[in-house]
Amino acid sequence: MNQPFTTTQSLSATKPFEKVLVLNATGKVGRQVCRALREAGFEVFGTTRSTSNTLARQGVKAVVCNYTLRADLDQAFAKTGAKKVFVITDFFAAAKKSVDLEFAQGCAAIDAAKAAGVDHLIFMSVADAEFFDEHVTHLKAKVALEKYLKQSGVPFSILRPCAFFENLDDAANFNPLKKGVVKFLSTQDCKYCATYDIGRAAAIQLTHPQQWLGKTLDVVGWQGDLSQVAAALSKVTGAPVKAKLAMPIFLRRLFMKDLHHMFLYYEVQKGPRGTPQDFKKVLPDALSAEDWFRFHGQYANGEKIVPLAPAH
Ligand SMILES: NC(=O)c1ccc[n+]([C@@H]2O[C@H](COP(=O)([O-])OP(=O)(O)OC[C@H]3O[C@@H](n4cnc5c(N)ncnc54)[C@H](OP(=O)(O)O)[C@@H]3O)[C@@H](O)[C@H]2O)c1
């Protein structure tokens, strides 16, 4: 792993060793949220269905739990005693592309938190979720869950991230990061954030509840088009990098209608509205594209992005 960045490390001085439970701790977001919360001084528990305990290597206390099931969640709160929780829901995998199921899974997490007497729940939603058109099905449950949470009586904050930098190295979705090229579903100007910065923002919200309870924060770390993303990787590696569409736009429109319309919101309507300038008022060292490539540190095949200097 690469060097952590600095902003949240100093938080540990203010509230040491408070317990926080991170749901879906082994996912792209969960892993980095756990890391950032640990660096900020929290005692971090993470849910996973697996007993292989890969979380322990990260210093996270694994709680065997299917985060979509109410009974498992009740047990996880009881076992850990955590009064703070980071809630993730997922339309594509855990909710099997059902808006109703994702909504039910999110409600179960909010209800379990309420029953456990949680004093701060952070819900990860999506920036501008309510402004995407009717074809963008995968964001609909987020809007409904924000509303449910606000009416639940559970003390909350909401984080609304834009596109993850992690999409630039996503082998599971046929986009592994390879030497000399970056690919994405759009070449146009886009707003990005690092999942690590979602975790750092969560650490700030949990550490300053008086400032953040009841509030929403857009997580937008950097803005640029794909040629600027390629230039950032080129700067980090010292080698040329090409910017390419991951698939032609007509195929995106034909086979990925939901995501196609999501990108149209970025490309045509220039959304989401949040800006890196605003987010940096909260997290001044939010990761840029260049920072993220250094932080990520490797290509999909495990090769280092910045080769180690030869020993003398
Ligand atoms: N990609 C983006 O640019 C972007 C931007 C903004 C917001 N988001 C949001 O990010 C969220 C996705 O988060 P993520 O990428 O961290 O998720 P993820 O990486 O897809 O999460 C994978 C984890 O989900 C668990 N899981 C998979 N199938 C499951 C099932 N059937 N039942 C229970 N658990 C299951 C597994 O954990 P275990 O096997 O350990 O249990 C697995 O490690 C979505 O809500 C999306 O809307 C994404």
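One can find the structure itself at the top, above this paragraph.
Residues numbered from 1 in each chain as written. Predicted model: local features only at pLDDT ≥ 70, side-chain atom pairs only at ≥ 80, totals over all residues. Heavy atoms only, no water.

**Q** Which parts of the structure should I look at to understand the packing of aromatic side chains?
**A** The relative placement of two aromatic rings is captured by the distance of their centres and the angle of their planes. Per the stated rule, a full pass over the model turns up 12 aromatic pairs. Their ring planes at 20° and their centres at 5.7 Å tell us that phenylalanine 165 and tryptophan 292 sit as a pair that is stacked. Taken as a pair, phenylalanine 165 in the loop between strand E7 (163-164) and strand E8 (181-184) and tryptophan 292 in helix H11 (residues 289-296) lie far apart in primary sequence, 127 residues in all. Accessibility classification places phenylalanine 165 together with tryptophan 292 in one group, the buried group. Relative to phenylalanine 295, the ring of tyrosine 196 has its centre 4.6 Å away and its plane inclined at 25°; by these criteria the two rings are stacked. (Phe/Tyr/Trp six-rings, centres within 6.5 Å; stacked < 30°, edge-to-face > 60°. Helix = DSSP H or I, 4+ residues; strand = E, 2+ residues; numbered from the N terminus. Buried < 20%, exposed > 50% of the residue type's maximum accessible area, 1.4 Å probe, protein only.)

**Q** Explain the pattern of salt bridges here, please?
**A** Oppositely charged side chains are able to pair whenever their charged atoms sit close together. Counted according to the given criterion, the structure contains 16 salt bridges. The salt bridge involving glutamate 18 is made with lysine 84; its shortest N-O contact spans 3.8 Å. Remark: lysine 84 occurs in strand E4 (residues 84-87) and glutamate 18 occurs in the segment before strand E1 (19-22); sequence separation between them is 66 residues. We classify glutamate 18 as partly exposed; its relative accessible area is 23%. Classification of lysine 84 by relative accessible area gives buried; the value is 5%. Its salt-bridge partner being aspartate 128, residue arginine 273 comes within 3.2 Å of it at the nearest N-O pair. With arginine 273 in the loop between helix H9 (257-267) and helix H10 (276-282) and aspartate 128 in the loop between strand E5 (120-124) and helix H4 (140-152), this pair connects stretches of sequence that are 145 residues apart. (Salt bridge = Lys/Arg side-chain N within 4 Å of Asp/Glu carboxyl O.)

It is worth stressing that arrangement in space is one thing and function is another; only the former is reported here.
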